[in-house]
Amino acid sequence: MVQVLIVCSWGMSTSLLVESMLAVAQEQHFALSVEALSAGEYTSRVDECDIVLLAPQIRHLRKSIEKIANEARKPVAMIEPFHYATMNGEAVLEQVQQILSSVGEE
């Protein structure tokens, strides 16, 4: 099971993206867990995930989030603003799969 942590402002609007990603994963028979947490909450859960995604509205916190995720040896990526705005779970899931496969090749 791939565990994704999405860091966002409050976790509210991101819940729609989470639902979309989970629906696509179910269609693809891909074992996925996605959790959306605010920037103030994610630090306690970073060790439990496989990848950290950042919502576009918190891009100003990227360096501090990357520092914590890198210490935990977790890849970090920004969600494409268009995919976030349209709640395109399929595209975001593809991004996760690509990143994790490239990390696995290292």
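Residues numbered from 1 in each chain as written. Predicted model: local features only at pLDDT ≥ 70, side-chain atom pairs only at ≥ 80, totals over all residues. Heavy atoms only, no water.

Section: the overall build of the chain
Consideration 1: Helix and strand counts for the chain stand at four helices and four strands.
Consideration 2: For the chain, the N- to C-terminal ordering of α and β elements is β-α-β-β-α-β-α-α.
Consideration 3: Here the chain has a C-alpha radius of gyration of 13 Å; the compact-globule value for 106 residues is 13 Å, and the two agree.
Consideration 4: Dimensions of the chain along its principal axes, counting C-alpha atoms only, are 35 × 30 × 20 Å.
Consideration 5: Per-residue burial over the chain gives 42% buried out of 106 residues.
Consideration 6: Total accessible area on the chain stands at roughly 6,100 Å², and carbon and sulfur atoms take up 50% of it.
Consideration 7: Each charge class in the chain can be summarised by its mean position, and for the 7 positive and 14 negative side chains these summaries are 11 Å apart. (Helix = DSSP H or I, 4+ residues; strand = E, 2+ residues; numbered from the N terminus. Rg over C-alpha atoms; globule rule 2.2 N^0.38 Å. Buried < 20%, exposed > 50% of the residue type's maximum accessible area, 1.4 Å probe, protein only. Areas by Shrake-Rupley, 256 points an atom, 1.4 Å probe, with all protein chains shown as cover. Lys, Arg positive; Asp, Glu negative; His and termini not counted. Charge placed at Lys NZ, Arg CZ, Asp CG, Glu CD.)

Things to note about the nonpolar core
Consideration 1: If you look at the biggest cluster of nonpolar residues, it comprises 22 residues, and the most contacted ones within it are Val4, Ile6, Leu17, Met21, Leu32 and Leu53.
Consideration 2: Looking at this core, the elements that each hand over two or more residues are β1 (2–8), α1 (14–27), β2 (32–38), β3 (51–54) and α4 (89–105).
Consideration 3: Looking at which element gives the most residues to this core, the answer is α1, with five residues.
Consideration 4: Sequence-distant contacts of methionine 21, defined by excluding residues within four places in its chain, comprise Ile6, Leu32, Val34, Gly89, Val92, Leu93 and Val96.
Consideration 5: Val7, Cys49, Ile58 and Val76 belong to the second largest nonpolar core, which has 14 residues in total. (Core = buried A, V, L, I, M, F, W, Y, C linked by side-chain atoms within 4.5 Å. Contact = heavy atoms within 4.5 Å.)

Some details on the sheet that holds strand β4 (residues 76–78)
Pairing between the strands of a sheet is mediated by backbone hydrogen bonds and can be parallel or antiparallel.
Consideration 1: With respect to topology, four strands assemble into an open sheet ordered β2-β1-β3-β4, the strand pairing being parallel. Two strands close off the open sheet at either side, each with one partner strand: β2 and β4. On average, each strand axis in the sheet is tilted by 25° relative to the strand beside it, whichever way the strands run.
Consideration 2: Across three bridges, the pairing between β3 and β4 is parallel. Counterpart to valine 52 in the pairing with β4 is valine 76.
Consideration 3: Relative to the sheet, α1 contacts β1 and β2, its axis offset from that of β2 by approximately 175°. (Pairing = 2+ DSSP bridges. Axes fitted to C-alpha atoms, helices over the stretch in contact; angles between N-to-C directions.)

Focus on α1
Consideration 1: The terminal C-alpha atoms of α1 lie 20 Å apart, and with 14 residues this matches the ideal 20 Å at 1.5 Å per residue to within 8%.
Consideration 2: Looking at the residues trailing α1, positive phi occurs at histidine 29, about 55°. (Expected span 1.5 Å × (residues − 1).)

Considering the UniProt feature "modified residue: Phosphocysteine" (unreviewed entry) in the chain
Consideration 1: Those places that UniProt annotates as "modified residue: Phosphocysteine" (unreviewed entry) correspond, in this numbering, to Cys8.
Consideration 2: You can see cysteine 8 is positioned in strand β1. (UniProt positions renumbered as here; feature names shortened; annotations may be inferred.)

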